[in-house]
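Chain by chain, the residues:
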Protein chains: 2
Amino acid sequence: MFLSKRCLHGLRAVLYLALHDSDRAFTPIQEISDRLNIPFHFLTKILHDLGKADILISSRGAAGGVALQRPASELNALLVIDALEGPHFLRSCVLGFDACSSLAPCALHSQWEAARACILNMFSGESLADIAGRIETEEAFLQALRVERKD
Amino acid sequence: MFLSKRCLHGLRAVLYLALHDSDRAFTPIQEISDRLNIPFHFLTKILHDLGKADILISSRGAAGGVALQRPASELNALLVIDALEGPHFLRSCVLGFDACSSLAPCALHSQWEAARACILNMFSGESLADIAGRIETEEAFLQALRVERKD
DNA sequence: TTATATTCAGACTTTTTTATCTGAATATAA
DNA sequence: TTATATTCAGATAAAAAAGTCTGAATATAA
Ligand code: FES
Ligand code: FES
């Protein structure tokens, strides 16, 4: 799989929030965990990290939970991926060399620069609101989440 | 990092072979391990897997080693990646859903299809010989391999 | 104030990936 | 034939990622 589970869980949770942004001030992590079938404590840590990355805000206590820090139209998937996979994930040399720059290019550097631009553009080119807008029925979205592939 | 160590080791080893294809019939794994600074026993297993994937042939005993099964001009990086990361790595749904097809597309499916085409084309569009041809001095290639980044 | 619902924080366990070790099988060369 | 160089194969160990548990902190509502 291309993205780690940690990152997929984070992306899905954030899309869930984008779909339910207006329901109330904060959405409990327990609810997200239940609906998206993500282990509660694992999700808690992931969302906590998204908080540190200024993507979510949270509130403790009754009626607490998490919420998007900005409107879904001002957030994108790349922010989430950078926060959860680390900033090097899509930016380091595809052959694993120490630096990646056109000053000391590896044998795949120019190709990778082009492919990477495709990927970065895909993840940052549209907002979470745009992506969530394509989730036609929430039931279909949730249903799909319950079946996980094994690799 | 985008590709696993396993896969990077395999790619580098195969590029090394592409550069030294004509030296002799077989190249000992020990030599590749020494030159590219890859743990010997780990590399042995990786190359064994590339053998099962019909990318390498091998010969045991003195003067044995491994060699490309076909000329470097008839092999590409995608074959190596598929063998070492598994066939799902770049082909499954980017949001981790069970199936990836335009019949049941996720909210990022069409974007991912385009980005994926970029990546697959990058890895399969040119042969190992083409890539190796851009490695200007072997010293620079080897030097770069000795410094590993930490993520 | 008290009970309850929630995140925060870190320790812990399990699983997967990465790496190492050992011995057997096999080919070459002296 | 014998010594040596090598891959093959599987067991084991170490490190990293994924997931679980527990208790503290904090906010709300009765
Ligand atoms: S140096 Fe390798 S991809 Fe840039
Ligand atoms: S269904 Fe998600 S990328 Fe194709």
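Rules and cut-offs
- Residues numbered from 1 in each chain as written.
- Chains lettered and ligands numbered in written order.
- Predicted model: local features only at pLDDT ≥ 70, side-chain atom pairs only at ≥ 80, totals over all residues.
- Heavy atoms only, no water.
- Near = heavy atom within 4 Å.
- Polar contact = N/O pair within 3.5 Å; in protein donor to acceptor, adjacent residues only side chain to side chain.
- Helix = DSSP H or I, 4+ residues; strand = E, 2+ residues; numbered from the N terminus.
- Nonpolar A, V, L, I, M, F, W, Y, C, P; charged D, E, K, R; others polar.
- Contact = heavy atoms within 4.5 Å.
- Buried area = accessible area lost by both parts, 1.4 Å probe.
- Salt bridge = Lys/Arg side-chain N within 4 Å of Asp/Glu carboxyl O.
- Disulfide = S-S within 2.5 Å.
- Buried < 20%, exposed > 50% of the residue type's maximum accessible area, 1.4 Å probe, protein only.
- Pairing = 2+ DSSP bridges.
- Core = buried A, V, L, I, M, F, W, Y, C linked by side-chain atoms within 4.5 Å.
- Phe/Tyr/Trp six-rings, centres within 6.5 Å; stacked < 30°, edge-to-face > 60°.
- Axes fitted to C-alpha atoms, helices over the stretch in contact; angles between N-to-C directions.
- Parallel < 35°, antiparallel > 145°, perpendicular 65-115°, else oblique.

## Re the protein's contact with DNA strand D
Turning to step 1, where the next piece is worked out: Phe42 and Arg60 of chain A together with Ile29, His48 and Ser58 of chain B are the nearest of the 23 residues found near DNA strand D.
Turning to step 2, where the next piece is worked out: Here DNA strand D approaches the protein such that, of its atoms within 4 Å, sugar and phosphate make up 67%.
Turning to step 3, where the next piece is worked out: Between DNA strand D and isoleucine 29 of chain B there is a distance of 2.5 Å, counted from a phosphate oxygen to a backbone nitrogen or oxygen.
Turning to step 4, where the next piece is worked out: Within the side chain of histidine 48 of chain B, one N or O atom sits 2.7 Å away from a phosphate oxygen of DNA strand D.
Turning to step 5, where the next piece is worked out: Listing elements by their share of the surface near DNA strand D, those giving two or more residues are α1 (5-19) and α3 (40-52) of chain A together with α3 (40-52) and β1 (56-59) of chain B.
Turning to step 6, where the next piece is worked out: The residue makeup of the surface near DNA strand D, split by class, is seven nonpolar, 10 polar and six charged.

## Re the interface of chain B and chain A
Turning to step 1, where the next piece is worked out: Tallying the contact residues gives 36 residues for chain B and 36 residues for chain A.
Turning to step 2, where the next piece is worked out: With both chains or domains summed, chain B and chain A bury close to 3,500 Å², and 69% of this area falls on carbon and sulfur atoms.
Turning to step 3, where the next piece is worked out: The interface formed by chain B and chain A holds zero salt bridges in total.
Turning to step 4, where the next piece is worked out: Our enumeration of links across chain B and chain A arrives at eight residue pairs in polar contact (both at pLDDT 80 or more).
Turning to step 5, where the next piece is worked out: Those elements that provide at least two residues to the side of chain B that touches chain A are α1 (5-19), α5 (109-124) and α7 (138-146) of chain B.

## Describing the pattern of salt bridges
Proximity of charged atoms lets side chains of opposite charge pair with each other.
Turning to step 1, where the next piece is worked out: In this structure the tally under the stated criterion is 10 salt bridges over all chains.
Turning to step 2, where the next piece is worked out: We note a salt bridge from arginine 24 of chain A to glutamate 31 of chain A, for which the minimum N-O separation is 2.9 Å.
Turning to step 3, where the next piece is worked out: One salt bridge in this structure joins arginine 91 of chain B and aspartate 82 of chain B, with 3.0 Å as the shortest N-O distance.

## Structural notes on the state of the cysteines
Turning to step 1, where the next piece is worked out: Evaluated as defined, the whole model comprises one disulfide over all chains.
Turning to step 2, where the next piece is worked out: With its sulfur 2.1 Å from that of its partner, cysteine 118 of chain A forms a disulfide with cysteine 118 of chain B. One quick way to see it: the torsion about the S-S bond of cysteine 118 of chain A and cysteine 118 of chain B is about -45°, and its sign makes the bridge left-handed. Placement of cysteine 118 of chain A in helix α5 (residues 109-124) and of cysteine 118 of chain B in helix α5 is noted, with the two residues assigned to different chains.
Turning to step 3, where the next piece is worked out: Judged by relative accessible area, cysteine 118 of chain A falls into the partly exposed class, the value being 24%.
Turning to step 4, where the next piece is worked out: The thiol of cysteine 7 of chain B is unpaired, and the distance to the nearest cysteine sulfur, on cysteine 93 of chain A, comes to 13 Å.
Turning to step 5, where the next piece is worked out: For cysteine 7 of chain B, a relative accessible area of 0% puts it in the buried group.

## Brief notes about the pairing of strand β2 (residues 65-68) of chain B
Residues and elements named next belong to chain B.
Turning to step 1, where the next piece is worked out: Residue alternation in β2 divides its side chains into two sets, Gly65 and Ala67 and Val66 and Leu68, and both sets are buried.
Turning to step 2, where the next piece is worked out: For β1 and β2, the ladder comprises four bridges, and the chain directions are antiparallel. Across the sheet, leucine 56 pairs through a bridge with leucine 68, a residue of β2.
Turning to step 3, where the next piece is worked out: Here β1 hands over to β2 after five residues, with glycine 61 in that stretch at a positive phi of 85°.

## Description of the nonpolar core
Turning to step 1, where the next piece is worked out: Counting residues in hydrophobic clusters, the biggest one holds 97 residues, and the most contacted among them are Phe2, Leu3 and Phe123 of chain A together with Phe2 and Phe123 of chain B.
Turning to step 2, where the next piece is worked out: Discounting residues that sit within four places of it in the chain, phenylalanine 2 of chain B has contacts with Phe2, Phe89, Leu90, Val94 and Trp112 of chain A together with Phe89, Leu90, Ile119 and Phe123 of chain B.

## Focus: the packing of aromatic side chains
Turning to step 1, where the next piece is worked out: With the rule as written, the count across this model stands at six aromatic pairs over all chains.
Turning to step 2, where the next piece is worked out: Arranged with centres 5.0 Å apart and planes meeting at 35°, the rings of phenylalanine 2 of chain A and tryptophan 112 of chain B form a pair that is tilted. Within this pair, whereas phenylalanine 2 of chain A is found in the segment before α1, its partner tryptophan 112 of chain B is found in helix α5, the two belonging to separate chains.
Turning to step 3, where the next piece is worked out: A residue is classified by how much of its surface remains accessible, and phenylalanine 2 of chain A, at 7% relative accessible area, is buried.
Turning to step 4, where the next piece is worked out: Taking relative accessible area as the criterion, tryptophan 112 of chain B reaches 0% and is therefore assigned buried.

## Notes on the packing of α1 of chain A against α3 of chain A
All names here are of chain A.
Turning to step 1, where the next piece is worked out: Packing of α1 against α3 leaves a shortest axis separation of 10 Å and a crossing angle of 75°. Here α1 is positioned roughly perpendicular relative to α3, judged by the angle of their axes. Between α1, through Arg6, His9, Gly10, Ala13 and Val14, and α3, the contact on the second element is made entirely by Phe42, Leu43, Ile46, Leu47, Asp49 and Leu50.

## A few points about the environment of arginine 91 of chain B
Residues and elements named next belong to chain B.
Turning to step 1, where the next piece is worked out: Of note, arginine 91 is situated in the loop between α4 (77-85) and α5.
Turning to step 2, where the next piece is worked out: Each C-alpha atom, one on arginine 91 and one on glutamate 113, is 9.0 Å from the other, the two residues being 22 residues apart in sequence.
Turning to step 3, where the next piece is worked out: Residue contacts for arginine 91: discarding those within four places in its chain leaves Leu78, Asp82, Cys100, Arg116 and Leu120.
Turning to step 4, where the next piece is worked out: One polar contact links arginine 91 to aspartate 82, side chain to side chain, over a distance of 3.0 Å.

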